[in-house]
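# Results of the structural survey
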Amino acid sequence: MNISLRCGFTYQFPMDRHPDRSERSPYFDSLTEFTGLRTFDEESPEFDGYDSWLEDGYVQPPLLYCDAGTDLWRRMVAAGELRGPDAAPLRPVPLIDVVRDIAVAAEKEQDRDLIGLWYSFGCETLLGGPAGCPYDIDELVAMTAVQDLRAVVRRTEALSLAESSPYASPAEFADDQDLESWWWQL
């Protein structure tokens, strides 16, 4: 939770700052343990499961939490409880950027296994997904995140760990031999 708070993924407030607090004070006063605030009507035709349980926030009394981008987060922004960068719309982050950041942090911690594990997923997964990698080698070579990730793998000598990972997709099984071969040649 501390990491989520520090990174701006989750926001914390006193419970009395909830936008519905004045209307539902008996309910909020009765909360004594961790509780998700979304209520569900399982009989409603719109009920589509419990996946949205965080959308209205959650409490661990005496604190209220909301995750960035949720319904409660939008309400807190509209109410002026969140301002500046905390109120900025979320933007998607490419997986390769996240993996690069993980590898850089893992290098500082001397965690070669983690670096190798992530690199083992290959360019098809880290840059493409189910449809494959939409980039050619020249485009990959020009990407800062790819350059940084490959540099970490080289510096830490994590390629052999990546190659031996059960998640590695060897070049001989790849749809695009040249692209996958390039990935495995540092």
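Computed from a predicted structure; not experimentally measured.

### Observations regarding the overall build of the chain
Helix and strand content of the chain: 10 helices and four strands. Start at the N end of the chain and walk to the C end: the helices and strands fall as α-β-α-β-β-β-α-α-α-α-α-α-α-α. The C-alpha atoms of the chain give a radius of gyration of 22 Å, which is well past the 16 Å a tight globule of 186 residues would have. Dimensions of the chain, computed from the C-alpha atoms along their principal axes, are close to 65 × 40 × 30 Å. Burial status across the chain gives 35% buried among its 186 residues. Restricting the contact set of the chain to residue pairs at least 6 apart, pairs at least 24 apart contribute 57%. For the chain, the centre of its 15 positive side-chain charges and the centre of its 35 negative side-chain charges are spaced 10 Å apart.

### Remarks on the pattern of salt bridges
In a structure, side chains of opposite charge can pair up when their charged atoms sit close to one another. On inspection of all chains with the given rule, the structure shows 11 salt bridges. Residue D56 pairs with R38 through a salt bridge whose shortest N-O separation is 2.9 Å. Linking D56 in the loop between β2 (35-36) and β3 (58-60) with R38 in the loop between β2 and β3, this pair joins segments that are 18 residues apart in sequence. Between E107 and R155 there is a salt bridge, and its shortest N-O distance comes to 2.8 Å.

### Structural notes on the packing of aromatic side chains
On inspection of all chains with the given rule, the structure shows 13 aromatic pairs. Arranged with centres 5.6 Å apart and planes meeting at 15 degrees, the rings of Y58 and Y65 form a pair that is stacked. Just as Y58 is buried, Y65 falls in that class too. By the ring-pair criterion, three or more aromatic residues cluster together here, those being F34, W53, Y58 and Y65. Across the ring face of W182, the terminal group of R150 is positioned such that the distance to the ring centre comes to 3.9 Å.

### Looking at the confidence of the model for the chain
Mean pLDDT over the chain: 90, with 94% of residues reaching 70 or higher. Highest mean pLDDT in the chain belongs to helix α8 (residues 144-156) (97); lowest belongs to helix α10 (residues 177-184) (81).

### As for the sheet that holds strand β1 (residues 10-14)
Here four strands make up an open sheet; going across it, the order is β1-β4-β3-β2 and the pairing antiparallel. Two strands in the sheet have a free side with no partner beyond their single neighbour: β1 and β2. One ladder, built from three bridges, connects β3 with strand β4 (residues 63-67); its direction is antiparallel. Residue pairing across strands places Y58 opposite Y65, the latter belonging to β4. In this fold helix α3 (residues 71-78) packs onto β1 and β4, with an angle of close to 105 degrees to the strand it touches most, β4.

### Quick notes on the packing of helix α5 (residues 112-120) against α8
Two elements in contact, α5 and α8, have axes separated by 10 Å at closest approach and are oriented at 135 degrees. Between α5 and α8, the angle is such that the two are oblique. For α5 against α8, the interelement crossing comes out left-handed. Each of R112, I115 and Y119 in α5 lies in contact with α8, whose residues at this interface are L149, R150, V152, V153 and T156. The class makeup of the residues in the contact of α5 with α8 is five nonpolar, one polar and two charged.

### Things to note about the environment of L114
Along the chain, L114 falls in helix α5. A sequence separation of 87 residues divides L114 from Y27, and the C-alpha atoms of the two residues are 45 Å apart.

What counts, and at which threshold
- Residues numbered from 1 in each chain as written.
- Predicted model: local features only at pLDDT ≥ 70, side-chain atom pairs only at ≥ 80, totals over all residues.
- Heavy atoms only, no water.
- Helix = DSSP H or I, 4+ residues; strand = E, 2+ residues; numbered from the N terminus.
- Rg over C-alpha atoms; globule rule 2.2 N^0.38 Å.
- Buried < 20%, exposed > 50% of the residue type's maximum accessible area, 1.4 Å probe, protein only.
- Contact = heavy atoms within 4.5 Å.
- Lys, Arg positive; Asp, Glu negative; His and termini not counted.
- Charge placed at Lys NZ, Arg CZ, Asp CG, Glu CD.
- Salt bridge = Lys/Arg side-chain N within 4 Å of Asp/Glu carboxyl O.
- Phe/Tyr/Trp six-rings, centres within 6.5 Å; stacked < 30°, edge-to-face > 60°.
- Lys NZ or Arg CZ within 6 Å of the ring centre and 35° of its normal.
- pLDDT = per-residue confidence, 0-100.
- Pairing = 2+ DSSP bridges.
- Axes fitted to C-alpha atoms, helices over the stretch in contact; angles between N-to-C directions.
- Parallel < 35°, antiparallel > 145°, perpendicular 65-115°, else oblique.
- Left-handed = near helix turned anticlockwise from the far one by under 90°.
- Nonpolar A, V, L, I, M, F, W, Y, C, P; charged D, E, K, R; others polar.

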